Amino acid sequence: MKTNDARPLVVVTMGDPAGVGPEICAGCMTDSDILKQVRPVVIGDRGILQRALDLQGSKFQIHLVRSPEEGGYQFGSIDLMETDHGVTEEIVFGSPSVPAAKMAYSFILKAIELGKQGSTDVITTCPINKEFFVRAGFGEKDHTALFRKHFGGAPTVSMFHCRELRVFHYTRHMSLKNAIAALDVDKLVERMKGIHTTLRGIGIASPRIAVAALNPHASDHGLFGDEEEKFLIPAIRKCVEMGIRAEGPVPSDSVFYLEKRGVYDGVLSLFHDQGHIACKTYDFEKSVSLTFGFPFMRSTVDHGTAYDIAGKNTASYQNLKEAILMGAKYWKMQQPE
């Protein structure tokens with residue numbers, strides 16, 4: 001997006017309006033650090049955002065805009081885009097519902113529309129309820145599926161970021177049994193090629209990529225399984241022949257520590273919790289998910305709707321702040337000098 005303002009423009013979707021999304025948006029948009037670094041626009045509902053501001057005792061004003069270009073980006077007000085989404089009064093903090101899911105869905109679609117128009121540099125998403133997306137009758141049950149639907153031709157790479165850790169996943173939202181069954185040499189090679197390209201795109205000329213082992217001790221030469229020998233080692237060898245600095249398999253109880261020390265530039269995790277546990281244990285609030293390959297940088301918080309604390313003014317917005325700032329940071333890293 002062309003502008004004289006050097007701050008990246010970040011569109012933030014409110015997420016499920018019955019969850020903590022409205023509160024973390026309200027808290028984050030009243031943090032002066034945010035406006036120093038980015039130009040944020042929230043996509044959500046005015047009444048629900050005002051409800052969250054009232055909970056926090058905030059005197060910030062809501063500035064309704066029809067497009068990011070109309071944003072004032074001034075401390076003391078929040079630039080908000082609304083969607084045609086239904087009745088605000090039906091939404092109760094802490095109570096998931098189909099109307100809330102429909103609202104959240106409309107927020108995402110509006111952000112995608114802006115992304116297609118080239119009207120944003122970053123899209124940052126707050127948590128939604130997958131179960132109620134299904135109950136609402138949507139064909140897609142999460143952010144990833146929605147973005148893939150609307151940007152199906154774009155080869156994308158997702159990365160989990162936490163301080164010094166950059167973690168990429170071979171599989172994410174599937175059972176452990178199915179994740180193991182999904183191991184495939186050619187697909188592993190393709191994933192590592194994508195990681196290599198992504199890391200080079202953010203300025204790492206010759207990235208070292210560690211492949212986390214599946215089994216304890218990387219199977220100890222077959223004592224605890226054969227997946228390393230059958231899938232991981234052949235894939236690593238193929239990558240090395242291509243000039244990719246892939247290494248491993250490295251036992252997963254030490255690979256993330258080694259990356260933290262700077263031995264590796266990225267780790268390929270084979271299944272969801274393998275990578276997430278390492279990052280969230282290290283620093284929960286600094287753990288965010290990023291997706292490369294769209295016309296914009298995509299980032300998201302890595303926590304859920306937290307209905308149990310929604311509406312109680314106890315939710316921390318720090319993870320959303322990190323998602324916004326990391327999205328902006330990696331967007332900048334990909335811009336030509």
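As a starting point, this report considers the structure included with it. (Residues numbered from 1 in each chain as written. Predicted model: local features only at pLDDT ≥ 70, side-chain atom pairs only at ≥ 80, totals over all residues. Heavy atoms only, no water.)

By the definition in use, this model includes 13 salt bridges. Residues participating in the shared-partner salt-bridge network are Asp31, Asp33 and Lys321. (Salt bridge = Lys/Arg side-chain N within 4 Å of Asp/Glu carboxyl O.)

Attention now goes to the sheet that holds strand E11 (residues 288-292). Taking strand neighbours across the sheet as the criterion, the 12 strands line up as E3-E4-E2-E1-E5-E12-E11-E6-E7-E10-E8-E9 in an open arrangement whose pairing is mixed. Strands at the two margins of the open sheet, each flanked by one partner only, are strand E3 (61-64) and strand E9 (245-250). Across this sheet, the average inter-strand angle for adjacent strands is 30°, counted without regard to direction. Here strand E1 (residues 9-13) pairs with strand E2 (residues 39-44) via 5 bridges, running parallel. Of the residues in E2, the one forming a bridge with Thr13 is Ile43. (Pairing = 2+ DSSP bridges. Helix = DSSP H or I, 4+ residues; strand = E, 2+ residues; numbered from the N terminus. Axes fitted to C-alpha atoms, helices over the stretch in contact; angles between N-to-C directions.)

Extensive coverage of E11 is indicated by the burial of 5 of its 5 residues. Residues Val288, Leu290 and Phe292 line one face of E11 and the alternating positions Ser289 and Thr291 line the opposite face, and both faces are buried. Where strand E6 (residues 157-162) and E11 come together, 5 bridges link them in antiparallel fashion. Looking across to E11, one finds that Ser158 is bridged to Thr291. Sheet analysis places E11 next to strand E12 (residues 297-300), joined by 3 bridges and oriented antiparallel. Its bridge partner being in E12, Ser289 is matched across the sheet by Thr300. In this structure, the hairpin formed by E11 and E12 is closed by a connection of 4 residues, where Gly293 is found at a positive phi of approximately 115°. (Buried < 20%, exposed > 50% of the residue type's maximum accessible area, 1.4 Å probe, protein only.)

At a closest axis distance of 8 Å, the pairing of helix H1 (residues 21-29) and helix H3 (residues 46-55) adopts a crossing angle of 65°. As the angle between them shows, H1 and H3 are arranged roughly perpendicular. Regarding H1 and H3, the two cross each other, and that crossing is right-handed. Contacts between H1 and H3 involve Pro22, Glu23 and Ala26 from the former and Ile48, Leu49, Ala52, Leu53 and Leu55 from the latter. Of the residues assigned to the contact of H1 with H3, the class counts are 7 nonpolar, no polar and 1 charged. (Parallel < 35°, antiparallel > 145°, perpendicular 65-115°, else oblique. Left-handed = near helix turned anticlockwise from the far one by under 90°. Contact = heavy atoms within 4.5 Å. Nonpolar A, V, L, I, M, F, W, Y, C, P; charged D, E, K, R; others polar.)

Along the chain, Gly248 connects to Pro249 via a cis peptide bond; the corresponding omega equals 0°. Looking at where Pro249 falls in the secondary structure, it is placed in strand E9. Residues other than glycine seldom take positive phi values, yet His217 does so here, at roughly 60°. Checked against the element boundaries, His217 lands in the loop between strand E8 (208-212) and helix H9 (227-241).

For the structure shown, the criterion picks out 10 aromatic pairs. Taking 5.4 Å as the distance between ring centres and 75° as the angle between the ring planes, the aromatic pair formed by Phe133 and Phe138 counts as edge-to-face. Both residues of the pair, Phe133 and Phe138, belong to the buried class. Ring geometry for Phe151 versus Phe296: centroids 5.4 Å apart, planes at 75°, classification edge-to-face. Placement of Phe151 in the loop between helix H6 (143-150) and E6 and of Phe296 in the loop between E11 and E12 is noted, with a sequence separation of 145 residues between them. (Phe/Tyr/Trp six-rings, centres within 6.5 Å; stacked < 30°, edge-to-face > 60°.)

This part is about the nonpolar core. Grouped together as the largest cluster of nonpolar side chains are 95 residues, with contacts concentrated most on Phe133, Leu188, Met192, Leu320 and Ile324. For this core, the leading source of residues is helix H4 (residues 98-117), giving 10 residues. (Core = buried A, V, L, I, M, F, W, Y, C linked by side-chain atoms within 4.5 Å.)

Attention now moves to H3. Residues of H3 that are buried include every one of Ile48, Leu49, Ala52 and Leu53, and no others. One side of H3 carries all its buried residues, which in axial view fall inside an arc of 140°. Summarising the contacts, the buried residues of H3 are in contact with H1, E3, strand E4 (77-82) and H4. The distance from a side-chain oxygen at the start of H3 to the backbone nitrogen of Gly47 is 3.0 Å, and the residue carrying that oxygen is Asp45. A positive phi of about 65° marks Gly57, the residue just after H3. (Arc of directions from axis to C-beta. Polar contact = N/O pair within 3.5 Å; in protein donor to acceptor, adjacent residues only side chain to side chain.)

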